[in-house]
Amino acid sequence: MSDVTVRQLAHVVGTPVGRLLEQLREAGIGVDCEDAAITEAQKLQLLRYLRRSHGASVDAATPKKITLKRRSHSEIQVNAGGGRSKTVNVEVRKKRTYIKRSVILEQEQKRLAEVQAERRRQEEEQALQEQASLRAQQEREARLIAEEEAKRRAEEEAKRHAEEEAKRHAEAEAKRRAEEETKRRAEAKRHAEEETKRRAEEETKRRAEEETKRRAEEERKPRPRVEPEKARTEKSAGRKAKPRSRSGDRELEQEQRRTKFGRKELHITPGKPSKRKKLRSQKTAAPTPKHGFEKPTAPIVREVPIPETITVAELAQKMSVKAAEVIKVLMKLGTMATINQALDQETATIVVEEMGHKPKLLQENALELELTQPEQEVSKQVSRAAVVTIMGHVDHGKTSLLDYIRRAKVASGEAGGITQHIGAYKVHSDRGEITFIDTPGHAAFTAMRARGAKVTDIVILVVAADDGVMPQTVEAIQHAGAAGAPLVVAVNKIDRPDADPDRVKQELTNHDVIPEEWGGETQFVNVSAKTGEGIDELIEAILLQAEIMELKASSEGTARGVVIESRLDKGRGPVATVLVQSGTLYKGDILLSGVETGRVRAMLTETGQEITEAGPSTPVEILGLSGTPNAGDEAIVVSDERKAREIAGLRQAKEREAKLARQQSAKLENMFSEMEEGEVRTLNLVIKADVQGSAEALSEALIKLSTDKAKVKVVAAGVGGINETDVNLAVASNAILIGFNVRADATARRSIAEKGVDLHYYSVIYNAIDEVRGALTGMLEPEYREEIIGLARVDDVFRSPKFGAIAGCLVIEGVVRRHNPIRVLRDNVVIFEGQLESLRRFKEDVQEVRSGTECGIGVKDYRDVKVGDHIEVYEKIKIEPTL
Ligand SMILES: Nc1nc2c(ncn2[C@@H]2O[C@H](COP(=O)(O)OP(=O)(O)OP(=O)(O)O)[C@@H](O)[C@H]2O)c(=O)[nH]1
């Protein structure tokens, strides 16, 4: 900015010139006239002075806003027309305002603060509103809950009231009835007494009359000539007593007659004469107009014993009515029955009650129940040894482990003893005893379970450390799980250089067997059945598991046990190994086991030592039974040998019936109909498939079908053909067997037929799902079912350029028909499905070939038939819906 004069400055700041000059002087600026120029520095000096003089700090005095105004004058010449020009004065005014940046920032901050404050306020308001509404909502809900609770209480109260009222009513009613009944009985008794009295009086009167009549007659008649003879006879008979008078004889006779025909029999008229008397009285007295029979005054109420089944005729006979009467009652009940028709206990009971009699239900196994019922609280329970079974995959060392333990712990432990195989042995240690079942593998385990025996407390799962988890290891886990027996894992062959126990742990974890050190519940022990390493630890682990389980049994009272195995010994007859489970078995006891009985002639331990008593968890070899009972049969001591034999006979008959019943029980078709209202049923399945993937997929899909009413449980799922163990597992778990692209082997087929297991084969996963779903929902309507009609074994294969591969077969079951669909099986697994191209016998085309006959079979579009394969022929049969 250029310098200005004092006057100009006074003009700009609006101060009189004199005042400005004075101020300039005071500020120490040497100017003395109005026209003196003031520099920019002098202006600033003046400004500072003025600020100071006004007492403000330099900063505070710093103007926040400065407005500068400037006015400038100029003249311009403009053309006024006609060659003249005109001068115009122009004034330009400029005004510029400068605001300090800090002020703007301040203002901005202030504005922002205000905005934020506003926002906060709004947010707070909103939060308050939300809180208020939440509180209101909670209050509303609490009110609703309280109302519901109050309503529920009121309902419960009302219900309770109603129940109490009903109870009171019922009690009052019962009391009233009881009173009425007492009254009625008293009345009946009074009636009966009166009746008896009246009859007695009549009888006395009648007798007196008869006596008088007789005497009068006798007096009228001459004395018979036989009298002396009679007297003689009497004398010769050596009658020492005073001869009885004739009237005395008659009385005796009458007395006898009364007793003979039974005074209680209401049907007989009191005055009914006997046949002999009737004849005489016909001669002597005038016939009375009275009927021979008199209607009983009260109906006879009989107690009718009703067995589990009874025919109409038998029932009628027991009630002393005609069979037609019973049939009539049955008709009224809506049942058409014939005279020989068998009625069940329930129907018979209704008929008996309907006819006014009292039914007495007979239990067919009453005798058995009486003899075999466990005695209640015979004695206090004492600890018993754990019973252990060893399971695991083939060749993982089960037998070696059992042998090692037996050798090390039994033979050496007991002086002079030579261990023999009796099916089980006991191991003694400082901390307790363990009973080992000496048959390794789950076949024996399930066979026993299939017979309903729960023998094993703990399962030792043997897994070879160099091989890891194998299919049968998984099966063993499933079997132990199904039996509810805890596992102790023995990781065997730890002495091998390639042993990898951690891998075993890892693999078992995938099957829900989790080691303790990883947070699970299963004890893992590394052992070697070869060197004996870890065996003591294994025994410790079993004892620990047993301790946790607190196994107890009563050591007194009737002995009960289970047959572990039995055989027929050439010299000693039937020999059975029995594991005593409770009570004490003594030599000489009468034992009943399955359908066999007998007196215990001798008892031997695993070391061949003869003993006279065996307590709980003790295995003993028993001699003296009538035959060889089955493994898994219960063995109990009974008091009466005759009764024991009777029960054995009954059991035999029952076994046959049970087999029939079993054939009905676990059937897929019965699944829905057996579901009771509101009951949750479990459909147990044992699945075998051709490959692991199918087994898993099928299990998963079927488990998913579970509804809230019916649960699907896969007891076991494995790979390979169906064998006897699978059948036993199915029986033990009441499961249905499913074969997916696999078949049952010959032993399993026999077992299936014998035990009546329901087996279903599928080759399409959806068919299995549909059928199981149908069974669960009651919509089971299989229109067609496959039935295998024949099975041929391939004994030879010929290759012909014309026909391709021709299988030389022997039909081993049923019949092979030319036009039926077939499947080729290898090791019981389906490898091809299709049709026959040719069926020939001695170069001749035939329509069918029967069992025991050889034939040539050409399978259409299949050339890979091998010796040992089987060709299965089946038929689709229409099944009527069963539900
Ligand atoms: N090195 C070593 N070999 C073992 C051990 N235990 C078992 N074996 C061997 O493994 C093989 C199979 O043993 P077994 O006891 O017959 O196996 P298993 O499980 O009873 O077999 P199966 O009866 O066929 O089911 C045998 O050759 C044994 O000698 C072990 O701890 N270490």
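Details of the structure are given in the entry above.
What you see is a predicted model; the values in this text were computed from it and never measured.

Trainee: Can you explain the sheet that holds strand 27 (residues 710-719)? Please cite residues and give values.
Mentor: Spatially, the 4 strands line up as an open sheet ordered 27-26-28-29, and their pairing is parallel. A strand with exactly one partner marks an edge of an open sheet, and here the two such strands are strand 27 and strand 29 (759-762). Pairs of neighbouring strands in the sheet enclose a mean axial angle of 25 degrees, with direction left out of account. Packing against the sheet, helix 20 (residues 692-703) makes contact with strand 26 (681-689), strand 27 and strand 28 (736-740), and its axis sits at approximately 175 degrees to strand 27.

Trainee: Lay out the packing of helix 2 (residues 17-26) against helix 3 (residues 40-53) in plain terms, naming residues and giving numbers.
Mentor: Where helix 2 contacts helix 3, the two axes come as close as 9 Å, and the packing angle between them is 85 degrees. Judged on the interaxial angle alone, helix 3 and helix 2 are roughly perpendicular. Where helix 2 approaches helix 3, its residues Leu 20, Gln 23, Leu 24 and Glu 26 are matched on the opposing element by Leu 46, Tyr 49 and Leu 50. Of the residues that constitute the contact of helix 2 with helix 3, the class distribution is 5 nonpolar, 1 polar and 1 charged.

Trainee: Summarise the sheet that holds strand 10 (residues 386-392); cite the residues concerned and give the values.
Mentor: An order of 11-12-10-13-14-15 is seen for the 6 strands of this open sheet, with the pairing classed as mixed. In this open sheet, the two edge strands, each paired with only one partner strand, are strand 11 (424-429) and strand 15 (523-526). In this sheet, adjacent strand axes meet at a mean angle of 30 degrees when their direction is disregarded. Running at roughly 125 degrees to strand 13 (residues 458-464), helix 16 (residues 501-509) makes contact with strand 13, strand 14 (487-492) and strand 15 of the sheet.

Trainee: Which residues make up the pairing of strand 12 (residues 432-437), and what values do they have?
Mentor: Across a regular strand the side chains alternate sides, sitting on one face of the sheet and then on the other. As judged from the 4 bridges shared by strand 10 and strand 12, these two strands associate in the parallel manner. Note that in strand 12 the partner of Val 387 across the bridge is Thr 435. Looking at chain direction, strand 11 and strand 12 are connected through 6 bridges and run antiparallel. Bridge assignment links Lys 426 to a residue of strand 12, and that residue is Thr 435. Joining the antiparallel neighbours strand 11 and strand 12 is a turn of 2 residues.

Trainee: Go over the packing of aromatic side chains with me, naming the residues and quoting the values.
Mentor: Applying the stated criterion across every chain, the model contains 2 aromatic pairs. On the numbers, 5.5 Å between centres and 25 degrees between planes, the contact of Tyr 425 with Phe 436 is stacked. On the criterion of sequence distance, the pair formed by Tyr 425 in strand 11 and Phe 436 in strand 12 is long-range, its members being 11 residues apart. Like Tyr 425, the residue Phe 436 is buried in the burial classification. Over the face of the ring belonging to Tyr 761 we find Arg 743, whose NZ or CZ atom lies 4.0 Å from the ring centre. The positively charged end of Arg 823 is found above the aromatic ring belonging to Tyr 874, 4.0 Å away from the centroid.

Trainee: Explain the nonpolar core residue by residue, including any values.
Mentor: One finds Leu 401, Ile 405, Phe 436, Ile 460, Leu 538 and Ile 542 to be the most contacted residues of the largest nonpolar core, which totals 27 residues. Ranked by residues supplied to this core, first place goes to helix 17 (residues 535-549) with 7 residues. If near-sequence neighbours (up to four positions away) are discounted, Leu 401 is found in contact with Ile 390, Val 462, Ala 490, Val 527, Ala 529, Ile 535 and Leu 538. The next biggest cluster of nonpolar side chains, apart from the first, holds 22 residues, and it includes Ala 792, Val 811, Cys 855 and Val 859.

Trainee: Give a description of the pattern of salt bridges that names residues and reports values.
Mentor: All chains considered together, the criterion is met by 57 salt bridges. Between Arg 152 and Glu 156 there is a salt bridge, and its shortest N-O distance comes to 2.5 Å. Taken together, the residues Arg 152 and Glu 156, both in helix 5 (residues 101-220) and 4 residues apart, mark about one turn of the helix. Judged by relative accessible area, which is 44%, Glu 156 ranks as partly exposed. Between Arg 773 and Asp 770 there is a salt bridge, and its shortest N-O distance comes to 3.3 Å. Taken together, the residues Arg 773 and Asp 770, both in helix 23 (residues 765-777) and 3 residues apart, mark about one turn of the helix. Put simply, Glu 149, Arg 152, Arg 153 and Glu 156 are held in one network by salt bridges that share partners.

Trainee: Tell me about the pairing of strand 24 (residues 618-625), and name the residues and values.
Mentor: By the criterion of burial, strand 24 is predominantly enclosed, with 7 of the 8 residues buried. Pairing of strand 18 (residues 573-582) with strand 24 involves 6 bridges; the strand directions are antiparallel. Among the inter-strand pairings, Val 575 is bridged to a residue of strand 24, identified as Leu 623. Note that strand 21 (residues 596-604) and strand 24 share 4 bridges and pair antiparallel. From the neighbouring strand, Ala 602 faces strand 24, where its bridge partner is Leu 623.

Trainee: Mind laying out unusual backbone geometry, listing which residues take part and the relevant values?
Mentor: Notably, Asp 395 is not glycine yet its phi reads approximately 65 degrees, a positive angle. Residue placement: Asp 395 occurs in the loop between strand 10 and helix 13 (398-411). Using a relative accessible area of 63% as the deciding quantity, one classes Asp 395 as exposed. One non-glycine residue, Phe 842, lies in the positive phi region at around 45 degrees. Along the chain, Phe 842 falls in the loop between strand 34 (836-841) and strand 35 (844-845). By relative accessible area, which is 71% here, Phe 842 ends up exposed.

Trainee: Which residues make up the site of the ligand, and what values go with them?
Mentor: Residues in contact with the ligand amount to 15 residues; listed here are only the nearest, Lys 398, Thr 399, Ser 400, Asp 495 and Ala 529. At a separation of 3.2 Å, an oxygen atom of the ligand approaches a polar backbone atom of His 396. In this structure, Asn 492 approaches the ligand through a side-chain N or O atom, which is 3.1 Å from an oxygen atom. Relative to its unbound accessible area of 650 Å², the ligand is 69% covered by the protein chains. For the shell around the ligand, the element with the most residues is helix 13, which contributes 3 residues.

Trainee: How would you sum up empty space enclosed by the protein? Please name residues and give values.
Mentor: By the definition in use, this model includes 3 cavities of 30 Å³ or more. Its volume calculated, the largest cavity comes out at about 90 Å³. If you go around the largest cavity, you meet 13 residues; those closest to its centre are Phe 445, Met 448, Arg 449, Val 455 and Thr 456. When residues in the lining of the largest cavity are grouped by element, the largest group, 4 residues, is from helix 14 (residues 442-450). Taken together, the residues that form the lining of the largest cavity break down as 8 nonpolar, 3 polar and 2 charged. A volume near 40 Å³ is recorded for the second largest cavity. Glu 475, Gln 478, His 479, Val 686, Lys 688, Ala 716, Ala 717, Gly 718, Asp 726 and Leu 729 are the residues that line the second largest cavity. Those elements giving two or more residues to the lining of the second largest cavity turn out to be helix 15 (471-483), strand 26, strand 27 and helix 21 (724-732). Broken down by class, the residue content of the lining of the second largest cavity amounts to 4 nonpolar, 3 polar and 3 charged.

Scoring rules and cut-offs
- Here, residues in each chain are numbered from 1, in the same order as that chain's written sequence.
- Note on the predicted model: pLDDT of at least 70 is required for a residue's local features to be given, and 80 or more for side-chain atom pairs to be given and counted; whole-chain, interface and lining totals, by contrast, use all residues.
- Each side-chain value is derived from all of the structure's non-hydrogen atoms; neither hydrogens nor water enter the calculation.
- Strand pairing requires that DSSP identify at least two bridges connecting the strands.
- Put simply, DSSP H or I for four residues or longer makes a helix, DSSP E for two residues or longer makes a strand, and each gets a number counted from the N terminus.
- Helix axes are fitted to C-alpha atoms over the stretch in contact, other axes to C-alpha atoms as well, and angles between N-to-C directions run from 0 to 180 degrees.
- Whether two residues are in contact is decided by their heavy atoms: any pair within 4.5 Å suffices.
- Any angle from 65 to 115 degrees is called roughly perpendicular, while one under 35 is roughly parallel, one over 145 is roughly antiparallel, and all others are oblique.
- All amino acids are sorted into three groups, where Ala, Val, Leu, Ile, Met, Phe, Trp, Tyr, Cys and Pro are nonpolar, Asp, Glu, Lys and Arg are charged, and the leftover types, Gly among them, are polar.
- In this scheme Phe, Tyr and Trp rings, the latter by its six-membered ring, pair at centre separations within 6.5 Å, and the angle between planes marks the pair as stacked below 30 degrees, edge-to-face above 60, and tilted otherwise.
- Burial classes follow relative accessibility: with a 1.4 Å probe on protein chains only, a residue under 20% of its type's maximum area counts as buried, one over 50% as exposed, and anything between as partly exposed.
- Either the NZ atom of lysine or the CZ atom of arginine qualifies as a charge over a ring when it sits within 6 Å of the ring centre and within 35 degrees of the ring normal.
- Here, nonpolar core means buried Ala, Val, Leu, Ile, Met, Phe, Trp, Tyr and Cys residues that are tied together by side-chain atoms lying within 4.5 Å of each other.
- Salt bridge, as applied in this entry: a Lys or Arg side-chain nitrogen positioned within 4 Å of an Asp or Glu carboxyl oxygen.
- For this description, a residue counts as near a given molecule or strand if any of its non-hydrogen atoms is within 4 Å of it.
- What qualifies as a polar contact is a pair of N or O atoms within 3.5 Å, subject to a donor-acceptor requirement within protein and to the restriction that residues adjacent in sequence count only when both atoms come from side chains.
- Surface exposure here means Shrake-Rupley accessible area, sampled with a 1.4 Å probe, where a residue is shielded only by the protein chains that are shown.
- A cavity, in this analysis, means grid points on a 1 Å lattice covering only the protein atoms where a 1.4 Å probe fits yet has no way out; a pocket is instead an open set bounded by protein on both sides within 12 Å along at least five of seven lines, and a residue lines either one if it has an atom within 4 Å of a point.
- Grid points are joined across faces, edges and corners, and a volume is the space filled by probe spheres set on the points.

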